[in-house]
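Structural overview
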Amino acid sequence: MKTIAQVIEGKTAPIATVEAGSTVLDALKQLAIHNIGAVLVTEAGSLAGIFSERDYARRVVLQGRTSAFTPVRDVMTAKLVHVTPHCTVEEAMQLMTDRRVRHLPVLDDAGTLVGIVSIGDMVKETIAYQQFLIAQLEAYITT
Ligand SMILES: NC(=O)c1ccc[n+]([C@@H]2O[C@H](COP(=O)([O-])OP(=O)(O)OC[C@H]3O[C@@H](n4cnc5c(N)ncnc54)[C@H](O)[C@@H]3O)[C@@H](O)[C@H]2O)c1
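Let me begin by describing the structure that accompanies this report.

So, on to the site of the ligand. Contacts to the ligand come from 17 residues, most closely from Ala16, Ile36, Gly37, Ser118 and Gly120. Looking at the shell around the ligand, the elements that each hand over two or more residues are strand E2 (38-43), strand E5 (113-118) and helix H5 (119-142). Per-class residue counts for the shell around the ligand are 10 nonpolar, 4 polar and 3 charged.

To continue, consider the pairing of strand E3 (residues 46-52). Direction of pairing for E2 relative to E3: antiparallel, over a ladder of 6 bridges. By the bridge assignment, valine 39 is partnered in E3 with phenylalanine 51. With antiparallel pairing between neighbouring strands as the criterion, E2 and E3 make up a hairpin whose turn holds 2 residues, including alanine 44 at a positive phi of roughly 50°.

In terms of residue burial, strand E4 (residues 103-107) counts as a mostly covered element, since 4 of its 5 residues are buried. Pairing analysis gives 5 bridges linking E4 to E5, with the strands arranged antiparallel. Across the sheet, histidine 103 pairs through a bridge with serine 118, a residue of E5.

Between helix H4 (residues 89-99) and H5, the least distance of the axes is 10 Å, while the angle of their chain directions is 135°. Regarding the angle of H4 to H5, the classification is oblique. As for the relative orientation of H4 and H5, their crossing is left-handed in sense. From H4, Val89, Ala92, Met93 and Met96 reach across to H5, where they touch Ile119, Met122, Glu125 and Thr126. Counted by class, the contact of H4 with H5 contains 6 nonpolar, 1 polar and 1 charged residues.

Let us look at unusual backbone geometry. The phi torsion at asparagine 35 lies on the positive side, around 55°, for a residue other than glycine. Structurally, the position occupied by asparagine 35 is in the loop between helix H2 (24-34) and E2.

The 3 strands lie next to each other as E1-E2-E3, forming an open sheet whose pairing is mixed. Of all strands in the sheet, those bounded by a partner on one side alone are strand E1 (17-19) and E3. On average, each strand axis in the sheet is inclined to that of its neighbour by 35°, with strand direction left out of account. Pairing of E1 with E2 involves 3 bridges; the strand directions are parallel. Paired with threonine 17 across the two strands is leucine 40, which belongs to E2.

What follows covers the nonpolar core. Among the nonpolar cores identified, the biggest contains 13 residues, and Val41, Phe51 and Val72 are the most heavily contacted of them. Looking at this core, the elements that each hand over two or more residues are H2, E2, E3 and helix H3 (53-61). At 3 residues, the largest contribution of residues to this core is made by E2. If you look at the next biggest cluster of nonpolar residues, it comprises 12 residues, including Val89, Met93, Leu104 and Val106.

In an α-helix, one turn spans 3.6 residues, which is why side chains three or four residues apart end up on the same side. Among the residues of H4, those classed as buried are Val89, Ala92 and Met93. Angular distribution of buried residues about the axis of H4 spans 100°; they occupy a single face of the element. Of the exposed residues in H4, the ones pointing more than 90 degrees away from its buried face are Asp98 and Arg99. Those residues of H4 that are buried lie in contact with helix H1 (4-9), E4, E5 and H5. Where H4 ends, the next residue or the one after it, arginine 100, has phi of about 55°, a positive value.

Thresholds, definitions, all that
Residues numbered from 1 in each chain as written. Predicted model: local features only at pLDDT ≥ 70, side-chain atom pairs only at ≥ 80, totals over all residues. Near = placed C-beta within 6 Å. Helix = DSSP H or I, 4+ residues; strand = E, 2+ residues; numbered from the N terminus. Nonpolar A, V, L, I, M, F, W, Y, C, P; charged D, E, K, R; others polar. Pairing = 2+ DSSP bridges. Buried ≥ 20, exposed ≤ 12 C-beta atoms within 10 Å, placed from the backbone. Axes fitted to C-alpha atoms, helices over the stretch in contact; angles between N-to-C directions. Parallel < 35°, antiparallel > 145°, perpendicular 65-115°, else oblique. Left-handed = near helix turned anticlockwise from the far one by under 90°. Contact = placed C-beta atoms within 7 Å. Core = buried A, V, L, I, M, F, W, Y, C linked by C-beta atoms within 7 Å. Arc of directions from axis to C-beta.

Here is the structure:
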């Protein structure tokens, strides 16, 4: 199974972020422009949280807040669950399952943000790995 370092190596899109003081509307525009489900939130150059479609549904819509006037810092998830590049896809998937999150920022040993992985990335890698194993077993059986 691949490591998270190998997964983010293959990514070409930059990490999408918004400033904590941006409005929810600005964050939603970023989600739409990049066709993603979550943006990382930065404050004074540091990683401060993550804002996802789920945060929007539960903390903005359900609480009657207005997207154009609500700063992202008021509705983001500040308690971040993250992975390191050394983690395997399997470990990251386990973490997503246990903590019920769909996006994990990737922080290196120095704590620097180096990427983000989603549940879709993990599913894609897992399917590819299973297909590889099946091909190997088929080759073994037919030789
Ligand atoms: N075929 C593929 O390569 C692939 C990979 C991932 C997701 N998907 C599909 O996309 C759909 C939605 O995926 P999802 O729910 O996993 O999450 P998502 O829509 O948030 O993520 C889609 C892709 O964008 C990337 N991404 C997410 N947030 C980002 C950010 N802030 N900055 C930079 N990149 C970011 C993810 O790593 C992932 O590769 C699903 O239907 C999934 O199956 C396909």
